[in-house]
Amino acid sequence: MIAHRSHIYGVIGEFEKPEQLVHAATKIREAGYRYYECYTPFPVEGMPEAMAMRRNDVPLITLFGGLLGGLGGFGFQYWANVYSYPINVAGRPLNSWPAFIPVTFEMTILFASLFAVFGMLALNGLPQPHHPIFNAHRFTHASTDRFFVCIQARDKKFHLAETARFLQGLAAHHVSEVHDD
Amino acid sequence: MTAQDYMAPESVGRLQQRALGAGIVGLVACGICVFLYGDQYADRFFHSYLIAFMFVLGLSLGSLGLLMLQHLTGGHWGIMTRRPLESATRVLPVVAILFLPIVIFGMKHLYGEWLNAPSSGEGRLSDLQQSYLVPNGILGFKARALYYFLIWLALVYVFNRWSKEQDLNREDRALRRRMKMMAGPGIILYVFIMTFAAIDWVMSLSPHWASTIYGFLFVIGQLISSMSLMIAVLVLLSRTAPMEGVVQNRHLHDLGKLLLAFVMLWAYFGFSQLLIIWSGNLPEEISFYRTRLYGGWGVVAVLVLIFHFFVPFFALLSRDLKRSARLLPKIAIWLIFMRLVDLFWLTRPEFTSNAVPGLMDVAAILALAGIWFAVFARNLKSQPLLPLGDPKLEEAIEVHEY
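Note that the coordinates shown come from a computational prediction; the quantities given were computed from them, not determined experimentally.

Rules used throughout
- Residues numbered from 1 in each chain as written.
- Chains lettered and ligands numbered in written order.
- Predicted model: local features only at pLDDT ≥ 70, side-chain atom pairs only at ≥ 80, totals over all residues.
- Pairing = 2+ DSSP bridges.
- Helix = DSSP H or I, 4+ residues; strand = E, 2+ residues; numbered from the N terminus.
- Axes fitted to C-alpha atoms, helices over the stretch in contact; angles between N-to-C directions.
- Contact = placed C-beta atoms within 7 Å.
- Core = buried A, V, L, I, M, F, W, Y, C linked by C-beta atoms within 7 Å.
- Buried ≥ 20, exposed ≤ 12 C-beta atoms within 10 Å, placed from the backbone.
- Domains from an automatic or database assignment.
- Parallel < 35°, antiparallel > 145°, perpendicular 65-115°, else oblique.
- Nonpolar A, V, L, I, M, F, W, Y, C, P; charged D, E, K, R; others polar.
- Expected span 1.5 Å × (residues − 1).
- Bend = angle between axes of the 7 residues up to and from the residue.
- Left-handed = near helix turned anticlockwise from the far one by under 90°.

Visitor: It is not clear to me how the sheet that holds strand β4 (residues 173-179) of chain A should be interpreted in this structure. Could you clarify?
Guide: Residue and element names in this part refer to chain A. Sheet architecture is open: four strands sit in the order β2-β3-β1-β4, paired in antiparallel fashion. This sheet does not close on itself; its edge strands, each paired only once, are β2 (36-39) and β4. Going across the sheet, the axis of each strand differs from the next one's by a mean of 20 degrees, ignoring polarity. Inspection of the sheet shows strand β1 (residues 8-15) paired to strand β3 (residues 147-152) by six bridges, in the antiparallel sense. By the bridge assignment for β3, E14 is matched with F148. Each of β1, β2 and β3 is contacted by helix α1 (residues 18-30), which is oriented at about 15 degrees to β3, the strand it contacts most. In the packing of helix α5 (residues 160-169) onto the sheet, contacts are made with β1, β3 and β4, and the angle to β1 comes to roughly 10 degrees.

Visitor: Help me understand the nonpolar core, please; the structure alone is not making it clear to me.
Guide: A general trend in soluble globular proteins is that nonpolar side chains are found buried together. Core analysis: the largest hydrophobic core is formed by 106 residues, its most contacted members being B:A52, B:V56, B:M227, B:I231, B:L259, B:L368 and B:W372. Of the residues forming this core, the biggest block, 17 residues, is contributed by helix α2 (residues 41-73) of chain B. For B:M227, the residues in contact, after removing those within four places along its chain, are B:L66, B:L255, B:L258, B:L259 and B:F262. The next biggest cluster of nonpolar side chains, apart from the first, holds 24 residues, and it includes A:V11, A:L21, A:Y36 and A:L167.

Visitor: Help me understand the domain arrangement of chain A in this model?
Guide: Much of the literature gives interface size as the accessible area that the parts lose upon coming together. Each domain of chain A was delimited in the assignment, giving domain 1 (8-55 + 133-179) and domain 2 (58-123). A separation of 45 Å is found between the C-alpha centroids of domain 1 of chain A and domain 2 of chain A.

Visitor: How should the packing of α2(B) against helix α9 (residues 214-237) of chain B be read in this particular structure?
Guide: For any two helices packed against each other, the geometry comes down to the angle between their axes and how far apart the axes lie. All names here are of chain B. Remark: α2 packs on α9, axes separated minimally by 7 Å, with the N-to-C direction vectors making an angle of 85 degrees. Classified by the interaxial angle, the pair formed by α2 and α9 is roughly perpendicular. For the pair formed by α2 and α9, the contact residues are G58, L59, L61, G62, S63, G65 and L66 on the first element and V219, G221, Q222, L223, S225, S226, M227 and L229 on the second. For the contact of α2 with α9, the residue count by class is seven nonpolar, eight polar and no charged.

Visitor: Quick question: what am I supposed to make of helix α3 (residues 76-89) of chain B here?
Guide: Three or four residues apart is the spacing at which side chains of an α-helix point the same way, because the helix has 3.6 residues per turn. Spanning 14 residues, α3(B) covers 20 Å between terminal C-alpha atoms, matching the ideal 20 Å at 1.5 Å per step. Counting buried residues in α3(B) gives 13 out of 14 residues, a clear majority hidden from the surface.

Visitor: What is the right way to look at helix α4 (residues 92-110) of chain B in this model?
Guide: All names here are of chain B. With 19 residues, α4 extends just 23 Å between its outermost C-alpha atoms, more than 12% less than the 27 Å of an ideal straight helix rising 1.5 Å per residue. At I104, α4 shows its maximal kink, close to 55 degrees. Taken together, the buried positions of α4 are occupied by L92, V95, G106 and L110.

Visitor: What am I meant to see in the packing of helix α1 (residues 10-37) of chain B against helix α15 (residues 359-381) of chain B here?
Guide: All names here are of chain B. Packing of α1 against α15 brings their axes to within 7 Å, and their N-to-C directions diverge by 155 degrees. Put simply, α1 runs roughly antiparallel to α15. Here α1 and α15 pass one another in a crossing that is left-handed. Its residues assigned to classes, the contact of α1 with α15 shows 23 nonpolar, five polar and two charged.

So this is what it looks like as structure tokens:
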């Protein structure tokens, strides 16, 4: 490995079987690590539980977007018809709320879905042209036949040598450091 | 896995006895009302009977619709609910018999407005209505009711028969395909016939008023009541062997999601009708909402909007609630009750401006629902609780830890 001075992103370890990774993820969490990520070629059953993943905030963001779209859609029609440009349509009240509902409904759905998509992207930190994990030299196998775990340097418990030893103790192969640039 | 292992537990037998008891109490209470209401009793009885009849009809027909839907789409929820759905559809012959009192005694108490409509002058019906709204004849009201029931019963018969055959011929993939092929046309037929039935039996209470989405309002209402019933029944069954541990949270989650979709669709249809009639603002159309959105009926309308739409809608948005065997059935049973309130709001304002239900309403619903549930429970006991011949069964009951 080229020894130039750069920050360390983390320490990566490699496994041959998904069950080994699930086991390792459980042990890593039990050892007190919080910032670590698993990389697998396909969704591995039991992984979210092994990592004790919390539920994400996308539903909440979606709800907020829906409420914003609905209230905004209705509010804008109300403002336009009652204050900005009141017209008497066949003697109906200016605030003809039943006629506003279809637009309110569409705006609710539009904003909820936009907030869901962009909220998901934002929570994932996307778009991100490059990620340090690609510096790991065997990482291409993560999309074919190997299972990786990377403990990140920002974790409070992280210590380069000890964490690497810990991963080796979990029977990980090719334990190596991942650089930040 | 043998048929014997999956027979209904004792709790279903208890349900049958209790339902039968409730039915008898309801019938007795109906009898008491006859003395209470004096010479008005026949009118009052049939006004209440119609609501109770449409309710139990909805439990059976909604189940027929869901049964065909799950044959068409597949999915583990369908395999879990298939036997309860089939049991509910097999109550339809009893429901057909319960329609006889309306045809034989009840017509002049319910449909007097078109039976006695003048053929010319003030209050006359259009030519089309005059030829459609006739009691007798080969295409008259009574004959049509016969055709509707014959078509529905034919659908009930084939799906139940094939399903029973499948239990015995596990290897026979052709049966599965045949049920799928029949389900598509079957759903169209069910919705089409239900539209006519809704026009005949309920919309014709006020013959001058017409709405083309009316049948859909009944169809979606029936799907809500049936789906709610399935949730309640599955949770009840999951408390004891043999279904204990078989019904899982993921199944409830799917059923809850469908229930949420149905609740939204119900609101969508209901609002579509309101928006079009409100925008048109025509005297003969707006009468429907004039009677239903003001005074006591206006209060009922607001209650239906809040408790049939907003409360279940926001509750069912929650993932935790949909996966909860404790909370989901509560929402489901609540929705079954709200179906009754909605039917009450749809039919009763044609007869009275008094929006307070009477003893007769409670008695009629108790009687008919009691009979319906007793037959339903009996049907549930007659077959294994899971479709043992379905090729997807093992996958459907596989326990997922995660």
